[in-house]
Amino acid sequence: FLLHTIRACGIKRNRGDPSMKKRSAFLLCVMLMVCTTWITSGSAACAAPEIAAEAAATAEVETGRILFSKNGDRQLPMASTTKIMTAVLAVESGRLDEVVTIPREAAGVEGSSIYLKAGEKFTLEHLVYGLMLRSGNDAAEAIAIFLAGDVPSFVKQMNEKAKEIGASHTQFQNPHGLPADGHYT
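If you're wondering where the values come from, they're calculated on a predicted model, not measured in any experiment.

1. Observations concerning unusual backbone geometry
Here comes step 1: The phi torsion at Asn71 lies on the positive side, around 55 degrees, for a residue other than glycine.
Here comes step 2: Relative to the elements of secondary structure, Asn71 occurs in the loop between strand S2 (66–70) and helix H3 (82–92).
Here comes step 3: You can call Asn71 partly exposed: its relative accessible area is 34%.
Here comes step 4: In this structure, Ala79 takes a positive phi of about 45 degrees despite not being glycine.

The following block contains the structure:
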């Protein structure tokens, strides 16, 4: 493309002619400026991306500065991402090797499940795997009851942890993310 443009402008190759070098350098600079302007003026890189999701954000890792946000301040249900907080609290408890007896309340929790039965025994670590790999709502409930004695007490710990890590616009109502009033981020 460049050689074609140079030839079209009537510039002939003559390696020893200093004016030829100046004209070629000038033409090259003009072409680069034109191409750069053309590429950036209508490119998608300058336009806001089309996002089908109800909300989205892009942040700069080093500074945390938000580069793009769509409905960033809107309260939305967080569904199974709730399980991440449940897993964090389970891992941070330092009790992964302890054996959990599945309580009656955890067996048969609606939605995705690892099909726990009351009275079964698993290590907390195995329940965390069931929680995260199979999205087990029953595992979430069993973990909550094991670590805090009951679901409301565990939810209180989840909300405290959310505030501690700066998730000030997040509110949990359960350990698994099933729809509930006041369960949002």
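2. Side note on the environment of Tyr129
Here comes step 1: Inspection of the secondary structure assignment puts Tyr129 in helix H4 (residues 124–133).
Here comes step 2: Assessed through its relative accessible area of 46%, Tyr129 is described here as partly exposed.
Here comes step 3: As a C-alpha pair, Tyr129 and Ala139 span 10 residues in sequence and 8.9 Å in three-dimensional space.

3. Thoughts on the pattern of salt bridges
Here comes step 1: Per the counting criterion, the structure on display carries 5 salt bridges.
Here comes step 2: Between Glu98 and Arg95 there is a salt bridge whose closest N-O contact spans 3.1 Å.
Here comes step 3: Classification of Glu98 by relative accessible area gives partly exposed; the value is 34%.
Here comes step 4: The salt bridge partner of Glu164 is Lys161, with a shortest N-O separation of 3.3 Å. Residue Glu164 and its partner Lys161 are both found in helix H6 (residues 151–164); the two are separated by 3 residues, about one turn of the helix.
Here comes step 5: Residue class for Lys161 comes out buried when judged on its relative accessible area of 11%.
Here comes step 6: When salt bridges that share partners are traced, they join Glu92, Lys161 and Glu164 into one network.

4. So, the nonpolar core
Here comes step 1: Core analysis: the biggest nonpolar cluster contains 26 residues, and Ile102, Leu127, Ile143, Met158 and Phe172 have the highest contact counts within it.
Here comes step 2: Every element with two or more residues in this core is listed here: H3, H4, helix H5 (137–148) and H6.
Here comes step 3: Non-local contacts of Phe172, meaning those with residues more than four positions away in its chain, are made with Met78, Thr82, Met85, Val155, Met158, Asn159, Ala162 and His183.

5. Side note on the side chain of Ser113
Here comes step 1: Within the fold, Ser113 resides in the loop between strand S3 (99–101) and strand S4 (121–123).
Here comes step 2: Overall, the relative accessible area of 12% leaves Ser113 in the buried class.
Here comes step 3: A distance of 2.7 Å separates a polar atom in the side chain of Ser113 from a polar atom in the side chain of Asp138.
Here comes step 4: When residues no more than four places from it in sequence are discounted, the contact partners of Ser113 are Ser135, Gly136, Asn137 and Asp138.

6. Structural notes on a nonpolar patch on the surface
Here comes step 1: Together, Ile84, Tyr129, Met132 and Leu133 make up a nonpolar patch on the protein surface, roughly 430 Å² of accessible area in all.
Here comes step 2: If you tally residues by element for the nonpolar patch, the top one is H4, at 3 residues.

7. Considering the environment of Asn174
Here comes step 1: Inspection of the secondary structure assignment puts Asn174 in the segment after H6.
Here comes step 2: When its relative accessible area of 7% is taken as the criterion, Asn174 is described as buried.
Here comes step 3: In sequence terms Asn174 and Lys83 are 91 residues apart; their C-alpha atoms lie 9.4 Å from each other.
Here comes step 4: The contacts of Asn174, once residues within four sequence positions are left out, are Thr82, Val155, Met158, Ala180 and His183.
Here comes step 5: A polar contact is formed between the side chain of Asn174 and the backbone nitrogen of His176, at a distance of 3.1 Å.
Here comes step 6: A distance of 2.6 Å separates a polar atom in the side chain of Asn174 from the backbone nitrogen of Gly177.

Conventions we followed
Residues numbered from 1 in each chain as written. Predicted model: local features only at pLDDT ≥ 70, side-chain atom pairs only at ≥ 80, totals over all residues. Heavy atoms only, no water. Helix = DSSP H or I, 4+ residues; strand = E, 2+ residues; numbered from the N terminus. Buried < 20%, exposed > 50% of the residue type's maximum accessible area, 1.4 Å probe, protein only. Salt bridge = Lys/Arg side-chain N within 4 Å of Asp/Glu carboxyl O. Core = buried A, V, L, I, M, F, W, Y, C linked by side-chain atoms within 4.5 Å. Contact = heavy atoms within 4.5 Å. Polar contact = N/O pair within 3.5 Å; in protein donor to acceptor, adjacent residues only side chain to side chain. Patch = residues over 30% accessible without salt bridge, like charges linked within 9 Å, V, L, I, M, F, W, Y side chains within 5 Å. Areas by Shrake-Rupley, 256 points an atom, 1.4 Å probe, with all protein chains shown as cover.

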